[in-house]
Amino acid sequence: AVEEGDCTWVKELESALAEECNSSTVYGICQGQSVPEELRAEVWKACLGVKDSYKLITFDEIFDLPEQNVLREDCQQFVDKLGNDDEDKVSVLCDLESVLTFHRRSLGSAACYARGNGWVELLLPLIALKLPRDQTCALFQAVVSKYIPCNNNAFHLFRLLLLYHDPQLCSFLDTKRITPDKYAAPWFQSLFAATCNLPVVMVMWDLYFQKDDCFFLLFLGLVMVVNAREQIMELSGESKDKIVEVLTSLPCGLEAEDVEDFCSLAQYYANKTPLSFREELESCVFSQSEGEGYSDVAQALCLPVSVSELVENTALAEIPEDTPRFFLVDCRPADQYNAGHLATAFHLDCNLMLQEPVGFATAVQGLLSCQRQAIAAGSNAGGEHLCFLGCGRLDDDQYTHMVVASFLQKHTHYVSLLTGGYQAIHRYLGERVNSVLVDHNTACCGECTAGPGSLELSHHNGSTSSSSSDLFGKIGAAVKSKSAEVKDKLLEYINNPSGGTVTTNERHVSASDKLGKRYRNMAPVFSIDDDLDTPDIETDGNMFKDLVPLETVSLSSWLKKPDVVASFRCQEVNLSGYSYESHLLVTPTHVYVLRDTQKKDSALIVVRRPLSNIAKITCKKKQPDLITFKYGSTQGDNLVISDMDRFLIPQAVRATKIISDQIVKNLQDTKEKSST
């Protein structure tokens, strides 16, 4: 580091600028310090790679853009605010309009200048360097092409970073429906020039260009928000507009002398963040086209980690202090885990989450205890950063994503998900799989025994992209789209040792029931709720129900099946309130719901429930055709509800009676078989 009062680095910088140098050379000399004003222009040109490119720029002074009047008005308004003398104002105005017109024209006819896009604010600090117009233009275009995000992916990624480092604050803003684009757009579009005064911007850009890191912008924004978390959380009673106003103005209070500490703190957060998202997402954040990766960023459940970063990280006995250490949580079923896993992986069977919620809660507590012990012991398996690992297959990872969502809802810091899961690890290791994986059993390993129809993965520098990442994105979208009430219910589900279920004193008859008269002279599981509109039980299972791959079948064929006791037209009502035209089918053992599609005689099987799982069927007095099927099991004398489906059934009375009769018949048949 450069010692205070030591000016030898300035002379060294002058010598480097006299020769060819780049941002790396400048940073090695300046060590993140602000540069002398007289050297700033040359330093910025060196860091941005602007040497002779400006010589190719020529201005034809033709101002004929379709939006030229808007651009000119914006330039005039900003120049009027500068407070310069009239001669300077004319010069600045000419430079602004000429450079912006040239840049807009260079983008082609598909582009368009839009008011508030940050161009004017971004250009003013460059004009303050008082360079020739062509050099100013070259610097402007270099900054735009290298450091300014081109689409909304930057805001989606920023939210993932906030979720990673401060999940409670992120949840608060999500609850208020305040997305980063509402407050961070002026920051990102202008590199903070729109919200900070000129001395602050000049010092900040000194450090920023030395860093040569396009993602550093996001970490500067992250520090802004995280440092103001108490102020933000105190605004819980304020309106959405008021909170957005406060957030947007956060950089305004920054002083020039605070910038170095501000950037150091941003670097601290950058060092505590997995690196692989940079390489995977740079093109879809800083590219004009949103591309194929757009939906993955926009809908991601949490920060993704590539298989190459994870494997290389876990293989190191010692990791630098400023590098994240992962605590790997393998969420595959026990038999798959036992057939091969990374040496540092801790097992958490995600299937327990709904099947054995009490056991799952106990397993989570044990897992967190192991994490604390591993960190305290300095083990290479112990890290603060939780990385969850699933199978990597669309059909198998629904519970893994539910587990990840539950940790996020508990505001757990540093939560990430391995892109491609175990499948990506297996393929990444290739011939090394037997030597690297623990207890690898080729006869039982799901990847070794997978047939040719198994899910294919495409590789990019050791990372994995597959249909599993699509599910990863879709589940993220579902989680983010739910109301604060639903999120609170999911949080309650995890905090409650019973898995967030609701226990009532009602008891479902089982085959071992000795009373024998429970269903006599009464509807077995059907009841009508009272007039109070009490909230129904909804667990996190409903949040993900629509995301499970659905089987497509012939509707007519299913309706004609010989074991179909009855069928009814209905509307499936999902958690978010959307309804779908469907058919309810009852067989002696199951209830099915087939959702209509746009294709003729085609339907999706959205519900496939054994009748024995139906614990209760309810309706509202005020809306008797809105039927809720509640599923659960008995624990002692208590009925535990764990999941539900809801339908609008025009023939609700007949439908529920037939289903109730079938349940009673099944119970009687089971009892008779057990007695014989």
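Calculation rules
Residues numbered from 1 in each chain as written. Predicted model: local features only at pLDDT ≥ 70, side-chain atom pairs only at ≥ 80, totals over all residues. Heavy atoms only, no water. UniProt positions renumbered as here; feature names shortened; annotations may be inferred. Helix = DSSP H or I, 4+ residues; strand = E, 2+ residues; numbered from the N terminus. Contact = heavy atoms within 4.5 Å. Areas by Shrake-Rupley, 256 points an atom, 1.4 Å probe, with all protein chains shown as cover. Axes fitted to C-alpha atoms, helices over the stretch in contact; angles between N-to-C directions. Parallel < 35°, antiparallel > 145°, perpendicular 65-115°, else oblique. Left-handed = near helix turned anticlockwise from the far one by under 90°. Nonpolar A, V, L, I, M, F, W, Y, C, P; charged D, E, K, R; others polar. Salt bridge = Lys/Arg side-chain N within 4 Å of Asp/Glu carboxyl O. Buried < 20%, exposed > 50% of the residue type's maximum accessible area, 1.4 Å probe, protein only. Core = buried A, V, L, I, M, F, W, Y, C linked by side-chain atoms within 4.5 Å. Patch = residues over 30% accessible without salt bridge, like charges linked within 9 Å, V, L, I, M, F, W, Y side chains within 5 Å. Lys, Arg positive; Asp, Glu negative; His and termini not counted. Charge placed at Lys NZ, Arg CZ, Asp CG, Glu CD. Pairing = 2+ DSSP bridges. Phe/Tyr/Trp six-rings, centres within 6.5 Å; stacked < 30°, edge-to-face > 60°. Lys NZ or Arg CZ within 6 Å of the ring centre and 35° of its normal. Arc of directions from axis to C-beta.

- By the naming in an unreviewed UniProt entry, the protein is TBC1 domain family member 23, taken from Graphocephala atropunctata.
- Its UniProt record gives the protein a comment under Subcellular location (unreviewed entry), which states: "Golgi apparatus, trans-Golgi network".

1. Structural notes on the overall build of the protein
Here is step 1 of the chain: Across its full length, the protein carries 30 helices and 17 strands.
Here is step 2 of the chain: Partitioning the intrachain contacts of the protein with sequence separation of at least 6 by distance along the chain shows that 70% fall at a separation of at least 24.
Here is step 3 of the chain: About 31,200 Å² of surface is accessible on the protein, with carbon and sulfur atoms providing 49% of the total.

2. Considerations on the packing of helix H1 (residues 8-18) against helix H2 (residues 23-30)
Here is step 1 of the chain: Interhelical geometry of H1 versus H2 gives an angle of 165° and a closest axis separation of 9 Å. Taken together, H1 and H2 sit at an angle that is classed as roughly antiparallel. When the axes of H1 and H2 are compared, the crossing they make is right-handed. Contacts from Trp9, Glu12, Leu13 and Ala16 of H1 reach H2 at Thr25, Val26, Ile29 and Cys30.
Here is step 2 of the chain: Partitioning the contact of H1 with H2 into residue classes produces 6 nonpolar, 1 polar and 1 charged.

3. Concerning the pattern of salt bridges
Here is step 1 of the chain: Counted according to the given criterion, the structure contains 23 salt bridges.
Here is step 2 of the chain: Put simply, Glu551 and Arg608 hold a salt bridge, and the shortest N to O gap is 2.8 Å. A residue pair is termed long-range when its members are at least 10 positions apart, and Glu551 in strand S10 (residues 551-554) and Arg608 in strand S14 (residues 602-610) qualify at 57 residues.
Here is step 3 of the chain: Given the relative accessible area of 45%, Arg608 is considered partly exposed.

4. Observations concerning the nonpolar core
Here is step 1 of the chain: Residues Leu13, Tyr183, Leu191, Met204, Trp205, Phe209 and Phe388 are the most contacted members of the largest nonpolar core, which totals 136 residues.
Here is step 2 of the chain: The element best represented in this core is helix H13 (residues 216-227), accounting for 10 residues.
Here is step 3 of the chain: Those residues within four positions of Trp205 in sequence are excluded, and the remaining contacts are Trp44, Leu122, Pro125, Leu126, Ser190, Leu191 and Ala193.

5. Section: a negative patch on the surface
Here is step 1 of the chain: Negative charge collects at one region of the surface, where Glu255, Glu257, Asp258, Glu260 and Asp261 lie side by side.
Here is step 2 of the chain: Tracing the backbone shows Glu255 in the loop between helix H15 (240-248) and helix H16 (259-271).
Here is step 3 of the chain: Take Glu255: its relative accessible area is 39%, and that puts it in the partly exposed class.

6. Let's talk about the pairing of strand S12 (residues 579-586)
Here is step 1 of the chain: Pairing geometry for strand S11 (residues 566-573) and S12, over 8 bridges, is antiparallel. The residue of S12 that forms the bridge with Arg569 is His583.
Here is step 2 of the chain: Across 5 bridges, the pairing between S12 and strand S13 (residues 590-596) is antiparallel. Paired with Val586 across the two strands is Val591, which belongs to S13.
Here is step 3 of the chain: In sequence, S12 turns back onto S13 through a hairpin of 3 residues.

7. Here's the deal with the pairing of S13
Here is step 1 of the chain: Burial runs high along S13: 5 of the 7 residues are buried.
Here is step 2 of the chain: As paired strands, S13 and S14 are joined by 7 bridges and run antiparallel to one another. What sits directly across from Val593, in S14, is Val607.
Here is step 3 of the chain: Connecting the antiparallel pair S13 and S14 is a turn made up of 5 residues, with Asp601 showing a positive phi of about 60°.

8. Description of unusual backbone geometry
Note: most peptide bonds trans; most residues except glycine with negative phi.
Here is step 1 of the chain: Phi at Arg177 takes a positive value of approximately 60°, unusual for a residue other than glycine.
Here is step 2 of the chain: With respect to the helices and strands, Arg177 occurs in the loop between helix H9 (167-175) and helix H10 (180-183).
Here is step 3 of the chain: Look at Leu191: it is not a glycine, yet its phi comes out positive at around 50°.
Here is step 4 of the chain: The topology assignment puts Leu191 in the loop between helix H11 (185-190) and helix H12 (198-211).

9. Some points on the packing of aromatic side chains
To describe a pair of aromatic rings, one takes the distance between the centres and the angle between the planes.
Here is step 1 of the chain: All told, the structure shown has 21 aromatic pairs when counted by the stated rule.
Here is step 2 of the chain: Between Tyr147 and Tyr208, the aromatic rings sit 5.0 Å apart at their centres with planes inclined by 80°, giving edge-to-face as the arrangement. One end of the pair, Tyr147, is in helix H7 (residues 133-147); the other, Tyr208, is in helix H12, with 61 residues separating them in the sequence.
Here is step 3 of the chain: Judged by its relative accessible area of 1%, Tyr147 falls in the buried class.
Here is step 4 of the chain: Here Tyr208 falls in the buried class, since its relative accessible area comes to 2%.
Here is step 5 of the chain: Taken together, a centroid distance of 5.6 Å and an interplanar angle of 70° make the contact between Phe158 and Phe188 edge-to-face. Of this pair, Phe158 sits in helix H8 (residues 153-165) while Phe188 sits in helix H11; the two residues are 30 residues apart in sequence, bridging distant segments of the chain.
Here is step 6 of the chain: Residue classification places Phe158 among the buried residues on the basis of a relative accessible area of 0%.
Here is step 7 of the chain: Three or more aromatic residues link up through ring pairs in this structure, and these residues are Trp44, Tyr147, Trp205, Tyr208, Phe209 and Phe216.
Here is step 8 of the chain: A cation over an aromatic ring shows up here: Lys561 above the ring of Trp558, its NZ or CZ 3.6 Å from the ring centre.

10. Here's the deal with the environment of Ile627
Here is step 1 of the chain: Summarising the element assignment, Ile627 is placed in strand S16 (residues 623-635).
Here is step 2 of the chain: On the accessibility criterion, Ile627 (0% relative accessible area) is buried.

11. Here's the deal with the packing of helix H4 (residues 68-80) against helix H5 (residues 86-106)
Here is step 1 of the chain: Two numbers describe how H4 lies on H5: the axes approach to 10 Å, and their chain directions differ by 145°. Between H4 and H5 lies a crossing whose hand is right-handed. The segment H4 lies against H5, with Gln68, Leu71, Arg72, Cys75, Gln76, Val79 and Asp80 engaging Lys89, Val92, Leu93, Leu96, Glu97, Leu100 and Thr101.
Here is step 2 of the chain: When the residues that make up the contact of H4 with H5 are grouped by side-chain class, the tally is 7 nonpolar, 3 polar and 4 charged.

12. A few points about H15
Here is step 1 of the chain: Where H15 is concerned, the buried positions are Ile243, Val244, Val246 and Leu247. One face of H15 carries all of its buried residues, which in axial projection span an arc of 160°. Residues of H15 that are exposed and point more than 90 degrees away from the buried face comprise Asp241 and Glu245.

13. As for the environment of Tyr269
Here is step 1 of the chain: Locating Tyr269 in the fold gives a position in helix H16.
Here is step 2 of the chain: Its relative accessible area of 14% is what places Tyr269 among the buried residues.
Here is step 3 of the chain: Between the alpha carbons of Tyr269 and Leu161 there is a distance of 9.4 Å; along the sequence they are 108 residues apart.
Here is step 4 of the chain: The contacts of Tyr269, once residues within four sequence positions are left out, are His165, Phe219, Leu222, Val223 and Val226.

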